[in-house]
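Each chain, written out:
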Amino acid sequence: MTEEAEEGVDLSPASGCEQQAPHFLQDVIFHGKFKLLKALTPEESTHCQHGLYFEDGQRRVDYVLTYPLKKQAGGRSCRQSTHLLTENAFARSLRRGPHHISEHLRHYTVKRAKDSLSPPSLPRDDTELGCPGETFGGHEDHKTFRREEFEGKLREMGLELEKDEDARIQGVGFVKIHAPWNVLCREAELMKLKMPTKKVYEMKQSSGVVGKISSLVSKALEPLHPHVEERQPKNIKRLSHTFSREKQHLFDLSDKDYFFDSKTRSSIVYEILKRTKCKAKYSMGITSLLGSGVYTAAYPLHDGDINEESAEPNDRKLLYEEWANYSVFYKYQPIGLVRKYFGEKIGLYFAWLGLYTQMLIPASLVGVIVFLYGCATVDDNIPSMEICHPRNNITMCPLCDRVCSYWKLSTACGTARASHLFDNPATVFFSIFMALWAAMFMEHWKRRQMRLNYEWDLTGFEDEEDHPRAEYEFRVMQKSLSKDHKSQHKIEKLSCRDRLPAYMTNIVMMLLMIGVTFAIVFGVILYRISTKAALHMSSNPITRNHVQLTVKTTAAIINLVVILILDEVYGAVARWLTVLEVPKTDKSFEERLIFKTFILKFVNAFSPIIYIAFFRGRLVGRPGNYLYVFESYRMEECTHGGCLMELCIQLSITMLGKQLIQNNLFEIGIPKLKKLIRYVQSKQGAFQEEERQKKLRRYETDHFLEPFAGLTPEYMEMIIQFGFVTLFVASFPLAPLFALLNNIIEIRLDAKKFVTELRRPVAARAKDIGIWYNILRGVAKVAVIINAFVISFTSDFIPRMVYQYMYSPDGSMHGFVNHTLSYFNVSHFQEGKETMDPLQLGYPIEICRYKDYREPPWSANPYEISKEFWAVLAVRLAFVIVFQNVVMLMSDIVDWLIPDIPKDISLQIHKEKTLFVDLFMKEEQGKVQILESRLSTGGKENCSRSSSNNNNSTMAHPRSGLHTNSTKSL
């Protein structure tokens, strides 16, 4: 065994404190390993005190496991305290001189002799079970046994462990794990990790006019780049190759301590933890132990402190200063450093979020221009001018039964003018623009993703089959045990029949949750109807004049509150349903969870909006024959300005509320609240708490951070926001602007959360964003259809065009308002439904108007649908078909014109392949030359030896000369 291997065994305190002390003494005295004392000197023990290294100050902590530990209040563990005192006393004696060394050895020998004479039947003190006199129950004993067995298996895998049961956190024990060099090399080869080689080549830069323009642009954008030092120029790249122990000469191993960075080391250790089996056959890995409570947490460590000025420079502190800081909101993200610290999966999320935010800039500008166009042309809009004209004396029918009276159309002047801000010809152009914008965004992301794959050496990476989840293995074990009594053959997987009850539960619960959403939307409808009638009965004239605005705003706020509550409920329900299905791998679990969560939250967020856009005002009936709910509630109708204004109010309140309250306030407030609760629970005085926090080591500080819960919530809120930006953008052109402002804060908020509030996630490799890209494409396709229907059926764009080109006498919009209003004879009201105050306007009303295309009461077919209705409907349907196909065709053209892989990246990939072929060919040629030279020199030596041997043997044994010569030549 080598010296390094002996160090790895001797330094491991996990074999017991009583064995650790003699090993330590033997190593220092007899084996001459005086370098172990370096970690005990005050000058050299800073790393150890910070908790980033083992007690020797040499081996870095790559992973930490925590487990429950029962100890006396405020006391140390017995064996741990003895072991630490022994080591420290011996270290002091070594520093004082030879006399103290001999004295300490004599004292220690006497102590060991007394320990050896103690009766073997007496129980030994176990720090995991507390000090003498304290015992756990049988369940805790079983956990302790499983823990010790698992840690023994980890040592067999080559990992080095060190326990800390004397931590400053009461009731928590820590297991620090270090992966030595040979384990890192073995696992890197098994995981097929790509590592940089010694070979360096220069990336070809674009020349000519394009190169000059790109250089000028890069210089102009230089202040926007973060101040992150890069070890090599941008045009220089190292060749990367899958790590192999047989080809270590290809890699730069001059500094083995930093060849594998902390992110890679922790992911290697986590891979070992996942596949290491416990005692039970179907209980594999750390996930099952965490689920059963054997361990309470497992996490890699952050690199160091970020707030202290004296903290050593590290990647975490650099990320905090140049990324997780609101003062650098205008700068690009250091995506390379994010990937280096958190891994490719999280790096891809922030790269996608950054690109999405950049792409929102042109969309926001165009949306603001469209809005300003509506503001500039509102005074020239003929329909709104006709409504607001003072001589306009059109009398409208009551908006509700009994309590509502007749009203003048001119009172809707403000609503009509406001509707024009969002319902103008520019919104059609903006809908087409946003559809093409979504296609451009998808293509741009694919190109960006390929560039990152090349820069991060993921071009040949393929997702390997993940380890089965602990819950899946437990179900398989249960099934195997139940079948063993009946049949001998094993069951290795769960069939569809086993999952059928879970599938049926999923379908029923999903439909039930969607039904709950629809029921709540219906409840808000009843609220609007009843509140409108109640406000019309008010004696306050101000209240009666602002009925519509009050009802719309309060209903939108109620919808927002319900959406926020149901979002949390649906997230928990989706996770419960996914657990019932027992997916085999973590990837399958995540995809199923994402699908269910997206369906429920999408329906929850957009159901009220879809109702206002496509159903409100179309299920009303007509005066004298209205449609009623529960025979008393008359279905609500849109105001004369149309439902587009109400749709805009609902969209703006829901979008802004979700972004401000759910995405930002919750993300800031909930972690702070949890920290406050932990502080209050462990508080023993402000000064003591502050001092305790200063003395905590790195693994103890990280224990108080929130565990990483995955990227699903982060992606989900952005996908819902993408729906708000694209689905109903025809009714709310300012949606991209609000999304842009939110995302500028969201990036820095998420960054700060990852750097300061969460435990460091295990780095996960990924070459794309997975199922989220398919969801984005689906939302973009659906957005084209929904915007076509919004323009056609919700807005007045099609009726205006039909009137202008088919019914207008002079080709203008004069007379459009009168054209869209039908006549009704007030004597035809149903009994008990007429207004209680028919003389509110000061004179009796015989004919009132309502918005619809119907025949007048004096025609042959009174109140029947007129031919104008069918003409408008035909044009609306034709517009939907034409708009949808034209926009989708343009999107496909954009998709076809823009290649998925940038040309320079494809050339560089080809160049790398050529360089690798040349490198390996030279290596093979060198091997052949060395082999030939060895064979030639070996052949000459063999010939000379054989000739001398033949001469000697012939002289000594002439009869056996022929046999000897043949044997030698053979």
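All values derive from a computational prediction rather than experimental measurement. (Residues numbered from 1 in each chain as written. Predicted model: local features only at pLDDT ≥ 70, side-chain atom pairs only at ≥ 80, totals over all residues. Heavy atoms only, no water.)

Regarding the pattern of salt bridges
Inspection of the entire model under this criterion finds 37 salt bridges. Notably, a salt bridge pairs K176 with E55, separated by 4.0 Å at the nearest N-O pair. Of this pair, K176 sits in strand 3 (residues 172-178) while E55 is found in the loop between helix 3 (46-50) and strand 1 (63-68), placing the two residues 121 residues apart along the sequence. For K176, a relative accessible area of 2% translates into the label buried. Here E55 falls in the partly exposed class, since its relative accessible area comes to 33%. For D895, the salt bridge identified is with R777, shortest N-O distance 4.0 Å. Here D895 is found in helix 31 (residues 867-897), whereas its partner R777 is found in helix 28 (residues 771-794), with 118 residues between them in sequence. Judged by its relative accessible area of 24%, D895 falls in the partly exposed class. (Salt bridge = Lys/Arg side-chain N within 4 Å of Asp/Glu carboxyl O. Helix = DSSP H or I, 4+ residues; strand = E, 2+ residues; numbered from the N terminus. Buried < 20%, exposed > 50% of the residue type's maximum accessible area, 1.4 Å probe, protein only.)

What about the side chain of H420?
With respect to the secondary-structure elements, H420 resides in helix 16 (residues 413-422). In contact with H420, not counting residues within four places along its chain, are G374, T377, V378 and N381. (Contact = heavy atoms within 4.5 Å.)

Details of the packing of helix 14 (residues 344-377) against helix 26 (residues 712-726)
Packing of helix 14 against helix 26 leaves a shortest axis separation of 12 Å and a crossing angle of 20°. As summarised for this structure, helix 14 and helix 26 are arranged roughly parallel, according to the angle between their axes. Regarding helix 14 and helix 26, the two cross each other, and that crossing is left-handed. Note on element contacts: helix 26 touches helix 14 through E714, Y715, M718, Q721, F722 and V725, opposite L348, Y349, W352, L353, Y356 and L360. Tallied by class, residues from the contact of helix 14 with helix 26 come to ten nonpolar, one polar and one charged. (Axes fitted to C-alpha atoms, helices over the stretch in contact; angles between N-to-C directions. Parallel < 35°, antiparallel > 145°, perpendicular 65-115°, else oblique. Left-handed = near helix turned anticlockwise from the far one by under 90°. Nonpolar A, V, L, I, M, F, W, Y, C, P; charged D, E, K, R; others polar.)

Focus on the pairing of strand 2 (residues 160-164)
Among the five residues that make up strand 2, five are buried, leaving the element largely enclosed by the rest of the structure. Residue alternation in strand 2 divides its side chains into two sets, E160, E162 and D164 and L161 and K163, and both sets are buried. Sheet topology places strand 2 next to strand 3; five bridges connect them, and they run antiparallel. Of the residues in strand 3, the one forming a bridge with E162 is K176. (Pairing = 2+ DSSP bridges.)

Let's talk about the environment of V629
Within the fold, V629 resides in strand 11 (residues 628-629). Measuring from C-alpha to C-alpha, the distance between V629 and L526 comes to 8.8 Å, with 103 residues separating the pair along the chain.

Quick look at the packing of helix 19 (residues 496-536) against helix 21 (residues 547-581)
Contact geometry of helix 19 with helix 21 gives a least axis separation of 10 Å together with a crossing angle of 170°. By the angle between their axes, helix 19 is roughly antiparallel relative to helix 21. Here the residues of the contact of helix 19 with helix 21 are counted per class, giving 21 nonpolar, nine polar and four charged.

A look at the nonpolar core
W352, Y356, W437 and F728 are the most contacted members of the largest nonpolar core, which has 107 residues in total. Counting residues per element, this core draws most heavily on helix 14, which supplies 15 residues. Contact partners of W352, with chain neighbours within four places excluded, come to F441, W445, Y715, M718, I769 and L776. Membership of the second largest hydrophobic core comes to 32 residues, among which are Y67, L69, A179 and C185. (Core = buried A, V, L, I, M, F, W, Y, C linked by side-chain atoms within 4.5 Å.)

Here we look at the pairing of strand 1
For strand 1, a buried count of five out of six residues is recorded, marking the element as mostly surrounded by other parts of the structure. Bridge analysis of strand 1 against strand 3 gives six bridges, and the strand direction is antiparallel. Bridged to Y67 within strand 3 is G173. Across three bridges, strand 1 lies against strand 6 (residues 297-299) in antiparallel orientation. Its bridge partner being in strand 6, V64 is matched across the sheet by Y299.

Structural notes on the sheet that holds strand 3
The strand order across the open sheet formed by four strands is 2-3-1-6, and the pairing between neighbours is antiparallel. A strand with exactly one partner marks an edge of an open sheet, and here the two such strands are strand 2 and strand 6. Direction aside, neighbouring strands of the sheet carry axes that sit 20° apart on average. Across the sheet, helix 10 (residues 262-275) touches strand 1 and strand 3, and the angle it forms with strand 1 is around 50°.

A short note on the packing of aromatic side chains
In this structure the tally under the stated criterion is 48 aromatic pairs. Geometrically, the ring pair formed by F243 and F251 is tilted, given 5.1 Å between the ring centres and 40° between the ring planes. On the basis of relative accessibility, which here comes to 1%, the residue F243 falls in the buried class. Here the guanidinium or amino end of K833 rests over the ring plane of Y628, the centre of that ring lying 4.4 Å away. Across from the ring centre of Y823, 3.8 Å away, lies the NZ or CZ of R849, which sits over that ring. (Phe/Tyr/Trp six-rings, centres within 6.5 Å; stacked < 30°, edge-to-face > 60°. Lys NZ or Arg CZ within 6 Å of the ring centre and 35° of its normal.)

A look at the state of the cysteines
Evaluation of the coordinates by the stated rule reveals three disulfides. The disulfide partner of C388 is C413, and the gap between their sulfur atoms is 1.9 Å. The sign of the S-S torsion, about 105°, decides the handedness of the disulfide formed by C388 and C413: right-handed. With C388 in helix 15 (residues 382-388) and C413 in helix 16, the pair connects residues that are 25 residues apart, well separated along the chain. Between the sulfur of C397 and that of C848 lies a disulfide, 1.9 Å long from S to S. When the S-S torsion is 85°, as for the bridge of C397 with C848, the disulfide is right-handed. Highlighted residues: C397 in the loop between strand 7 (395-396) and strand 8 (407-408) and C848 in strand 14 (residues 847-851), separated in sequence by 451 residues. (Disulfide = S-S within 2.5 Å.)

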